[in-house]
Amino acid sequence: MDLQLKNKNALVTGSTKGIGYAIAQVLAQEGANVIVNGRSEESTQAAAKSIGNNARGIAADVSTPLGCNDLLEKSGQIDILVNNAGIFEPKEFSEIPDEDWERFYQINVMSGVRLTRAVLPQMLERNWGRVLFVSSESGVQIPAEMIHYGMTKAANISLVNGIARLTKGTHVTVNAILPGPTASEGVSEFVGHLAKEASQSKEEFENDFFEHARPTSLIQRFAEVEEVANTTAYYCSPLSSATNGAAIRVDGGIILET
């Protein structure tokens, strides 16, 4: 399927690895002019080179206003914005300090707020654009083991609900992608560490995780980053024009509501 993305300028934050890298890769393969973003100059340029297809890298810390401004100045016109930058960390609620709440909020929420606030008026003026927030099923079913993370992902969904109202009657859309547990590098490393602590193989730990921690999953496995990226790429395209203000699930059936 041709996603009609040739010559569209796409910025994907947090795209040096994991879901963000996979999204950037698919968009580049579909002909978009992709901007890869990460905090490290070395990793950002390496990711852009690996993706190829004229992808370019811009290193910037999107958790700060200065970093967002620098990224925007160097990016030029943006037709597609994928707010993917984010962090997660399981931690007992009673042990999460104020500093962690603020750090998660700045990275997972405010990075997308700042970038969207800057590019949306231009999209509306051109009467075309796509804004995607990579949220999570954890924004709907808040996980007890990382409530601060779930809070930020719920905020992403709320932002989409509100910002999409500003696009009424235009060809600009704003949507949220809700991945379930996904085998990104960070998650795979974390799972490997926990499996080792529990004296289990990764396969044994995964089976135990979905049986006890995520029993509502219908696929009973971690999604691949490419599965999330393929769905995201479609909603970045002109073909998805009738979907706006939506929370799009790529969660493996974890969320109970239909």
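Since the structure is predicted, the reported quantities are computational estimates derived from the model, not experimental observations. Numbering of residues begins from 1 in every chain and follows the order in which that chain's sequence is written. Residues qualify for local features only when their pLDDT is at least 70, as the model is predicted, and side-chain atom pairs are given and counted only at 80 or more; totals for whole chains, interfaces and linings, by contrast, use all residues. The side-chain numbers reported here are obtained from all heavy atoms of the structure, hydrogens and water having been left aside.

Caption draft 1: Broad picture of the UniProt feature "domain: Ketoreductase" (unreviewed entry) in the protein. UniProt positions are given in the numbering used here, feature names are shortened, and annotations may be inferred rather than shown by experiment. Under the local residue numbering, the UniProt record ascribes the feature "domain: Ketoreductase" (unreviewed entry) to residues 8-186. Secondary structure elements are taken from DSSP: a helix is a run of H or I of four residues or more, a strand is a run of E of two residues or more, and numbering for both begins at the N terminus. What you have in residues 8-186 is 46% helix and 18% strand, and the ends, taken at the C-alpha atoms, are 29 Å apart.

Caption draft 2: A look at the pairing of strand E4 (residues 80-83). Because side chains alternate across E4, one face comprises the buried residues Ile80 and Val82, and the other comprises Leu81 and Asn83, equally buried. Strand pairing is assigned whenever DSSP identifies at least 2 bridges connecting the two strands. Note: strand E1 (residues 9-12) against E4, three bridges, orientation parallel. By the bridge assignment for E4, Ala10 is matched with Ile80. Here E4 runs beside strand E5 (residues 129-134); their pairing, made up of four bridges, is parallel. By the bridge assignment for E5, Val82 is matched with Leu132. Crossover connection from E4 via helix H4 (residues 98-126) to parallel E5: handedness right-handed. We call a residue buried when its accessible area falls under 20% of the maximum for its residue type, exposed when it is over 50%, and partly exposed in between, using a 1.4 Å probe and counting protein chains only. For a crossover, the right-handed case is the one in which the path from the first strand over the helix to the second runs clockwise, viewed with the strands pointing away from the viewer.

Caption draft 3: The arrangement of the packing of aromatic side chains in detail. Pairing of aromatic side chains requires ring centres within 6.5 Å, counting the rings of Phe and Tyr and the six-membered ring of Trp. Pairs whose planes differ by under 30 degrees are stacked, by over 60 edge-to-face, and all others tilted. Enumeration over the complete set of coordinates arrives at seven aromatic pairs. Seen in terms of ring centroids, Phe88 and Tyr149 are 6.4 Å apart; in terms of plane orientation they differ by 70°. Their pairing is edge-to-face. You can see Phe88 sitting in the loop between E4 and H4 and its partner Tyr149 sitting in helix H5 (residues 147-163), a full 61 residues away along the chain. Plain terms: the ring middles of Phe209 and Phe210 are 5.1 Å apart, the flat faces sit at 90° to each other, and that makes the pair edge-to-face. Like Phe209, the residue Phe210 is buried in the burial classification.

Caption draft 4: Representation of unusual backbone geometry within the structure. Phi angles above zero are rare outside glycine, and Gln4 is one such case at about 60°. Here Gln4 shows up in the segment before E1. On the basis of relative accessible area, Gln4 is assigned to the partly exposed category, the value being 42%. Even without being a glycine, Ser199 presents a positive backbone phi close to 55°.

Caption draft 5: Focus on the pairing of E1. Direction of pairing for E1 relative to strand E2 (residues 33-38): parallel, over a ladder of four bridges. By the bridge assignment, Ala10 is partnered in E2 with Val34. One crossover worth recording links E1 to the parallel E2 by way of helix H1 (residues 18-29), and it is right-handed.

Caption draft 6: Representation of the environment of Gln4 in the model. Separated by 235 residues in the primary sequence, Gln4 and Leu239 place their C-alpha atoms 7.6 Å from one another. Whether two residues are in contact is decided by their heavy atoms: any pair within 4.5 Å suffices. Setting aside chain neighbours within four positions, we find Gln4 in contact with Pro238 and Leu239.

Caption draft 7: Layout of the layout of surface pockets. Put plainly, a pocket is an open set of points on a 1 Å grid over the protein atoms alone with protein on both sides within 12 Å along at least five of seven lines, a cavity is a set where a 1.4 Å probe fits but cannot get out, and a lining residue has an atom within 4 Å of a point. Grid points are joined across faces, edges and corners, and a volume is the space filled by probe spheres set on the points. Roughly 1300 Å³ of internal volume is contained in the largest pocket. As for the largest pocket, its lining consists of 50 residues, of which Gly86, Ile87, Phe88, Ser184 and Val187 are closest to the centre. When residues of the lining of the largest pocket are traced back to their parent elements, those giving at least two are H1, E2, H4, H5, helix H6 (185-197) and helix H7 (202-213). Looking at which element gives the most residues to the lining of the largest pocket, the answer is H6, with six residues. In this count, Pro and Cys sit with the nonpolar residues alongside Ala, Val, Leu, Ile, Met, Phe, Trp and Tyr, while Asp, Glu, Lys and Arg are called charged and the others, Gly among them, polar. Taken together, the residues that form the lining of the largest pocket break down as 22 nonpolar, 18 polar and ten charged. For the domains described, the bounds stem from an automatic or database domain assignment. Lining the lining of the largest pocket are residues from two domains, each supplying at least three of them: domain 1 (9-180 + 224-247) and domain 2 (183-222).

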